[in-house]
Amino acid sequence: MIRRMRLRRLASRVWDSLWFVPAVYVFAALVLSLGLASWDAKDPIELTRAFNASSATSALSALASGMLAFTGFVTSVILLVVQFGTSEFSPRFVAWFRRDRTLKFALSTFSATFVFGLVSTAQVGRGDESFVPTRTLVAALFLTLLSILMFLLLIDRTSNDLRVAHVVQLVDVEARKVFDAVYPPSALVAAAAQHKADSVKALTPIQTISLLGVGQVVTALDRTGIADLAERYDALIQLVPALGDHVPTGGTLFAVYGARELPERQLRRAIILGDERTIDDDPAFTIRMLVDVAIKALSPAINDPTTAGQSLDRIEDLLRYASSKHLSTGTVTDRKGAVRFVYSTPTWEDLVGLALDEIRAFGAGQYQVARRLRALLDDLVADLPEARRPALVEQRALLDDAVATAIPPSQRAAALVPDRQGLGMSPRG
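Residues numbered from 1 in each chain as written. Predicted model: local features only at pLDDT ≥ 70, side-chain atom pairs only at ≥ 80, totals over all residues. Heavy atoms only, no water.

Okay, the overall build of the protein next. The helix and strand inventory of the protein stands at 15 helices and eight strands. Out of the 429 residues belonging to the protein, those deemed buried represent 45%. Put simply, of all contacts in the protein between residues at least 6 apart along the chain, 80% involve residues at least 24 apart. Carbon and sulfur atoms provide 59% of the accessible area of the protein, an area that totals close to 21,100 Å². (Helix = DSSP H or I, 4+ residues; strand = E, 2+ residues; numbered from the N terminus. Buried < 20%, exposed > 50% of the residue type's maximum accessible area, 1.4 Å probe, protein only. Contact = heavy atoms within 4.5 Å. Areas by Shrake-Rupley, 256 points an atom, 1.4 Å probe, with all protein chains shown as cover.)

Spelled out as structure tokens, the structure:
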């Protein structure tokens, strides 16, 4: 199980890289060029007399040189777009933009067209000086048209990716998958998880696994593989840091409870470490990304409360979705129902504080933000179960204090009105 997880992670990392798909396309273009040239040499066809060996060479060489310059130009533009998107949203979105498949396939098509034109140029006139590879010229035309199409798709996708509404919606969609994967499926499982997590505090581990080498961030882990390993050794394993935590050199990764020690190497291979947090198994990071967009927009240099309001729309959406989950300590059980793996997850209070504290601190003096926050809190208090309300009521009291501090009394009345559009709709009865 652990080995399969590592292979899946490796395959995902290779697929998400910017070199793998272009390398496959370039190899395919090389094979296609040589294959078509060989086919044309064995079974030549003539579609038109407009082409001779000289004009075919000129056309293919122009395609190769032009596509090389075009690829460099597009790459430069995309790098500028990513830089702009990073400054507009947050540095946490760089990895998000890099994973875009349209970018990879567009650059792959451009590179493949360049290689095809370059190799095909060398095939014209081989053996017989009058040899014209007609099929190769048709394929070159097709690749040129495909490159133009991919360029237009890339421009359309890139411009769409720079829209705040589109970006925060994508985060919302991905966050739901993370919440589904991390939190227990039932109240019974959640209660057992919390009880087991509390009982672990009184135990003494027989084995601890520490981080070797430079400090790293916990980005993902193989929950099922760890639980299977614990079951084989009749043990209980606890992940000491939370997902998204930075673990310093020598910091504890796992604590093992049981009668005998576990293979250290297998435990180390069950956890994925990296240089920054990822969205994969980290529900708090999904909200962190939305909050970053909001507080970036609220900085004095940008001063864009409308963008903060768009982020609050999605934050409310996620809080509503999370409220239906059993937000307890995460656990994985074996086939008999015994808890084998325990790991920390954000509670409801953690998620609410993460979602609202910083936005309130930076945006209480902005009418749009203050009104949108109040509408968010009023609606959640009215709609969510009783158990979820105390944290929201506390946030509403903190919002009152922040608005009172940030806005003079004579101008405060407008900021106390709940408004889902920030500044747009008057209160409705």
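From this point, things continue past the structure.
Moving on, we come to the nonpolar core. Generally speaking, nonpolar side chains in soluble globular proteins are found buried as a group. Core analysis: the largest hydrophobic core is formed by 71 residues, its most contacted members being F254, L267, I315, F341, W348, L356 and I359. Setting aside chain neighbours within four positions, we find F341 in contact with L221, R223, I226, L236, I237, Q238, L239, F254, G330, T331 and V332. (Core = buried A, V, L, I, M, F, W, Y, C linked by side-chain atoms within 4.5 Å.)

It is worth spelling out the pattern of salt bridges at this point. Summed over the entire model, instances satisfying the criterion amount to 25 salt bridges. In this structure, K325 and D180 form a salt bridge, with 2.5 Å as the shortest nitrogen-oxygen distance. Residue K325 is found in the loop between α12 (305-323) and β7 (330-333), and its partner D180 is found in helix α7 (residues 164-182); the two are separated by 145 residues along the sequence. Classification of K325 by relative accessible area gives buried; the value is 18%. Of the charged contacts in the structure, one is a salt bridge between R420 and D379, with a shortest N-O distance of 2.5 Å. With R420 in the segment after α15 (389-406) and D379 in helix α14 (residues 367-383), this pair connects stretches of sequence that are 41 residues apart. Classification of R420 as partly exposed rests on a relative accessible area of 39%. (Salt bridge = Lys/Arg side-chain N within 4 Å of Asp/Glu carboxyl O.)

Moving on to the packing of aromatic side chains. Here a ring pair, both rings aromatic, is described through the centre-centre distance and the interplanar angle of the planes. Applying the stated criterion across every chain yields a total of five aromatic pairs. Seen in terms of ring centroids, F179 and Y183 are 5.8 Å apart; in terms of plane orientation they differ by 20°. Their pairing is stacked. Every member of this aromatic cluster is reached through a ring pair, and the members are F70, F110 and F151. Between R135 and the ring centre of W39, over which it is positioned, the NZ or CZ distance is 3.9 Å. (Phe/Tyr/Trp six-rings, centres within 6.5 Å; stacked < 30°, edge-to-face > 60°. Lys NZ or Arg CZ within 6 Å of the ring centre and 35° of its normal.)

Let us now look at the sheet that holds strand β4 (residues 246-247). Read across the open sheet, the three strands follow the order β4-β2-β6; overall the sheet is antiparallel. Each having just a single partner strand, β4 and β6 (271-274) make up the two edges of the open sheet. For strand β2 (residues 216-221) and β4, the ladder comprises two bridges, and the chain directions are antiparallel. Bridging from a neighbouring strand, V217 pairs with H246 of β4. (Pairing = 2+ DSSP bridges.)

Another point: unusual backbone geometry. Trans peptide bonds make up most of the peptide bonds, and negative phi angles are found at most residues other than glycine. Even without a glycine there, the phi angle at D234 is positive, about 50°. Looking at the secondary structure, you find D234 in the loop between α9 (223-232) and β3 (236-239). Its identity is not glycine, yet N303 carries a phi of approximately 55°, on the positive side. Within the secondary structure layout, N303 lies in the loop between α11 (283-297) and α12. We classify N303 as partly exposed; its relative accessible area is 45%.

Turning our eyes to something else, we now look at the packing of helix α2 (residues 20-42) against helix α6 (residues 134-161). Between α2 and α6, the least distance of the axes is 7 Å, while the angle of their chain directions is 145°. Along the contact surface, α2 presents L36, A37, W39 and D40, while α6 presents T134, R135, T136 and A139. The class makeup of the residues in the contact of α2 with α6 is four nonpolar, two polar and two charged. (Axes fitted to C-alpha atoms, helices over the stretch in contact; angles between N-to-C directions. Nonpolar A, V, L, I, M, F, W, Y, C, P; charged D, E, K, R; others polar.)

Looking now at the sheet that holds strand β8 (residues 339-343). Reading across from one edge, β1-β5-β3-β8-β7 is the order of the five strands in this open sheet, with mixed pairing throughout. Two strands in the sheet have a free side with no partner beyond their single neighbour: β1 (207-210) and β7. Taking each pair of neighbouring strands and ignoring which way they run, the sheet shows an average axis angle of 15°. Bridging between β3 and β8 involves two bridges; their strand directions are parallel. Its bridge partner being in β8, I237 is matched across the sheet by F341.

Glancing now at α9. The element α9 is largely enclosed, with a buried count of seven among its 10 residues. Every buried residue of α9 is listed here: R223, G225, I226, A227, L229, A230 and E231. D234 sits one or two residues past α9 and shows a positive phi near 50°.

Residues spaced three or four apart along an α-helix point in a common direction, a consequence of the helix completing one turn every 3.6 residues. Taking 1.5 Å as the rise per residue, α12 with 19 residues should run 27 Å; its terminal C-alpha atoms sit 26 Å apart, in good agreement. Buried within α12 are the following residues: P305, T307, A308, G309, S311, L312, I315, E316, L318, L319, A322 and S323. On its buried face, α12 is in contact with α7, α11, α13 (348-363) and α14. (Expected span 1.5 Å × (residues − 1).)

The next thing to look at is the side chain of R388. Secondary-structure assignment places R388 in the loop between α14 and α15. Buried R388, no salt bridge; nearest opposite-charge side chain is E349, N-O distance 6.0 Å. A distance of 3.2 Å separates the side chain of R388 from the backbone oxygen of S323, its partner in a polar contact. Every residue in contact with R388, bar those within four places of it in the chain, is listed here: A322, S323, K325, L327 and W348. (Lys, Arg positive; Asp, Glu negative; His and termini not counted. Polar contact = N/O pair within 3.5 Å; in protein donor to acceptor, adjacent residues only side chain to side chain.)

Where nonpolar side chains cluster on the molecular surface, the patch consists of W19, F20, V24 and Y25 and spans about 380 Å² of accessible area. Examined against the element boundaries, Y25 turns out to sit in helix α2. (Patch = residues over 30% accessible without salt bridge, like charges linked within 9 Å, V, L, I, M, F, W, Y side chains within 5 Å.)

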